[in-house]
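Remarks on the overall topology
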Amino acid sequence: MEIPATIAARMQPCLQGLEPYDPGFSACDINVSANENNLPVPPTVRSALDAALASTPLNRYPDPLSNELRAKIAARHGVAPENVLVTNGGDEALFLLFLAFGGPGRTLVDIQPTFSVYALYASMVGTSVETVLRDPSDFSIDWDALAAIDADLTIVTTPNNPTANLADKDALLGYVATTDALVLSDEAYMEFADEDLSVIPEIECHPNLIVLRTLSKAFGLAGARIGYLLADAGIVSALSAVRQPYSVNVLSQAAASVVLDLRGEYGAGIELIKKERARMAAALAATGCIEVFPSSSNFLLVRMREGSKVRARLRDEFSILVRDVSAMPELENCLRITVGTPEENDRIIQAVSTLSKEYAS
Ligand SMILES: *Cc1c(COP(=O)(O)O)cnc(C)c1O
């Protein structure tokens, strides 16, 4: 329900006006609205997961710092365990950043259009938000405009959600080197781009650089809620001090541990998603009435006439759920479509092509 005015009046001033989060979910045959991994879990991973979960005791509190996982994540990325903070999804990591380093008198630079959660969490703890708009033609970032802002926190999402493009790595590192702000590189989708474009190796020489990763996207664990930050050990300590100690439960820690051990099993699926991404992009562009933006991620940003109507009809007539991002700045008539399984993608191509042609001309 909506929050009654009498209740809202009791809320903290910076929280008044918020409404419960609605992901716009409705049950459909094909859900390509949340950038999850729709491929089946590799069978070897599934059986190892089931065994690990079955043997995990539930009567004990979790290890607050997820040290076993932390060591595996550190090994994966070539950093020390002290540089790793494991969280209840990347979302918790984002909230902790604002709780620790935001608040009244502090400023977030929000490079829009981007993941709406940043500005939401910033405002929840009273952080000011300064918006910088991307170049509307290719969604690139105006680094000079960023450098001119006296920011406390800057978030650069690479690949960006929902525009699917990468940030220029050298420009990002140049900005990090010259700003006083803490800079978060949100790499939630980096597995679908190129690991060489990650700035993780740079955290060692840039104590103001923080990198976010998640197991929700490429590794298909969205339901288990495991994300992590890589950063200077001092920053990890500050964030550890403000978190709820048991936010990452034992089942999720056990599941994540198995997935990290067997992450090689996901390689073929990630390659398939990248291949399907190219196939979908070409097929949708071939309609002549859909603009498909280049993607380095597991989703496509597309623009067509009457985008919101197309989204509603995909849901109601084809049981396909995509994300309507048309209300975001610069994204008029745009939809975000996650790459699904090959069979799902066939149906998506067919349905989106049919509807977009109906509204063309
Ligand atoms: C999905 C996503 C995250 C984190 O998701 P979690 O499920 O909370 O780990 C972070 N940033 C971006 C840009 C995302 O799209």
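A few points on the structure.

Another aspect to go through is helix α8 (residues 233-242). Among the residues of α8, those classed as buried are Ile235, Val236 and Leu239. Looking straight down α8, one finds its buried side chains confined to an arc of 100 degrees; they lie on one side. Two or three places before Gly234, at the opening of α8, Asp232 has a side-chain oxygen 2.9 Å from that residue's backbone nitrogen.

Our focus in this paragraph is unusual backbone geometry. In the segment running from Gln112 into Pro113, the intervening peptide bond is cis, with an omega of -5 degrees. By secondary structure assignment, the location of Pro113 is in the loop between β3 (107-112) and α5 (117-124). The step from Thr158 to Pro159 runs through a cis peptide bond, and the omega angle for that step is -5 degrees. Of note, Pro159 is situated in the loop between β5 (153-157) and α7 (169-178). We note that Ala164 has phi near 75 degrees; this positive angle belongs to a residue other than glycine. The residue Ala164 is located in the loop between β5 and α7 in this model.

The next subject is the site of the ligand. What surrounds the ligand is a group of 15 residues, the closest being Gly90, Asp186, Thr214, Ser216 and Lys217. At 2.6 Å from a nitrogen atom of the ligand is found a side-chain nitrogen or oxygen belonging to Asp186. Between the ligand and Ser216 there is a distance of 2.6 Å, counted from an oxygen atom to a side-chain nitrogen or oxygen. In isolation the ligand offers 390 Å² of accessible surface; the protein chains occlude 94% of this area. A majority-of-atoms criterion places the ligand in the largest pocket. Every element with two or more residues in the shell around the ligand is listed here: α4 (89-101) and β7 (209-214). A class-by-class count of the residues in the shell around the ligand yields five nonpolar, six polar and four charged.

This part is about the environment of Ser116. Structurally, the position occupied by Ser116 is in the loop between β3 and α5. Residue classification places Ser116 among the exposed residues on the basis of a relative accessible area of 51%.

Every buried residue of α7 is listed here: Leu172, Leu173, Tyr175 and Val176. Along α7, the residues classed as buried sweep out an arc of 155 degrees about the axis, all on the same side. When the buried face of α7 is taken as reference, the exposed residues oriented beyond 90 degrees from it are Asp170, Ala177 and Thr178. The secondary structure elements touched by the buried residues of α7 are α6 (143-147), β5, β6 (182-186) and β7. Its side-chain oxygen 3.1 Å from the backbone nitrogen of Asp170, Asp168 forms the N-cap of α7.

On inspection of all chains with the given rule, the structure shows seven aromatic pairs. Both rings, one in Phe219 and one in Tyr266, keep their centres 5.2 Å apart while their planes meet at 75 degrees; by these two values the pair is edge-to-face. Of the two residues, Phe219 sits in the loop between β7 and β8 (226-230) while Tyr266 sits in the loop between α9 (250-261) and α10 (267-285), which places them 47 residues apart along the sequence. Note on Tyr266: relative accessible area 7%, which makes it buried. Seen from the ring of Phe299, Arg336 lies directly overhead, with NZ or CZ sitting 5.8 Å from the centre.

Where charged atoms of side chains with opposite charge meet at close range, the side chains can pair. One pass over the structure, following the stated rule, counts 18 salt bridges. Between Arg76 and Glu195 there is a salt bridge, with its nearest N and O atoms 3.6 Å apart. Of this pair, Arg76 sits in helix α3 (residues 67-77) while Glu195 sits in the loop between β6 and β7; the two residues are 119 residues apart in sequence, bridging distant segments of the chain. Judged by relative accessible area, Arg76 falls into the buried class, the value being 18%. For Lys309, the salt bridge identified is with Glu306, shortest N-O distance 3.6 Å. Among the residues examined, Lys309 registers a relative accessible area of 44% and is labelled partly exposed. For Glu306, a relative accessible area of 35% puts it in the partly exposed group.

Calculation rules
Residues numbered from 1 in each chain as written. Predicted model: local features only at pLDDT ≥ 70, side-chain atom pairs only at ≥ 80, totals over all residues. Heavy atoms only, no water. Buried < 20%, exposed > 50% of the residue type's maximum accessible area, 1.4 Å probe, protein only. Helix = DSSP H or I, 4+ residues; strand = E, 2+ residues; numbered from the N terminus. Arc of directions from axis to C-beta. Polar contact = N/O pair within 3.5 Å; in protein donor to acceptor, adjacent residues only side chain to side chain. Near = heavy atom within 4 Å. Areas by Shrake-Rupley, 256 points an atom, 1.4 Å probe, with all protein chains shown as cover. 1 Å grid on protein atoms, 1.4 Å probe; cavity = no way out; pocket = protein on both sides within 12 Å on 5 of 7 lines; lining within 4 Å. Sits in = over half its atoms within 2 Å of the grid points. Nonpolar A, V, L, I, M, F, W, Y, C, P; charged D, E, K, R; others polar. Contact = heavy atoms within 4.5 Å. Phe/Tyr/Trp six-rings, centres within 6.5 Å; stacked < 30°, edge-to-face > 60°. Lys NZ or Arg CZ within 6 Å of the ring centre and 35° of its normal. Salt bridge = Lys/Arg side-chain N within 4 Å of Asp/Glu carboxyl O.

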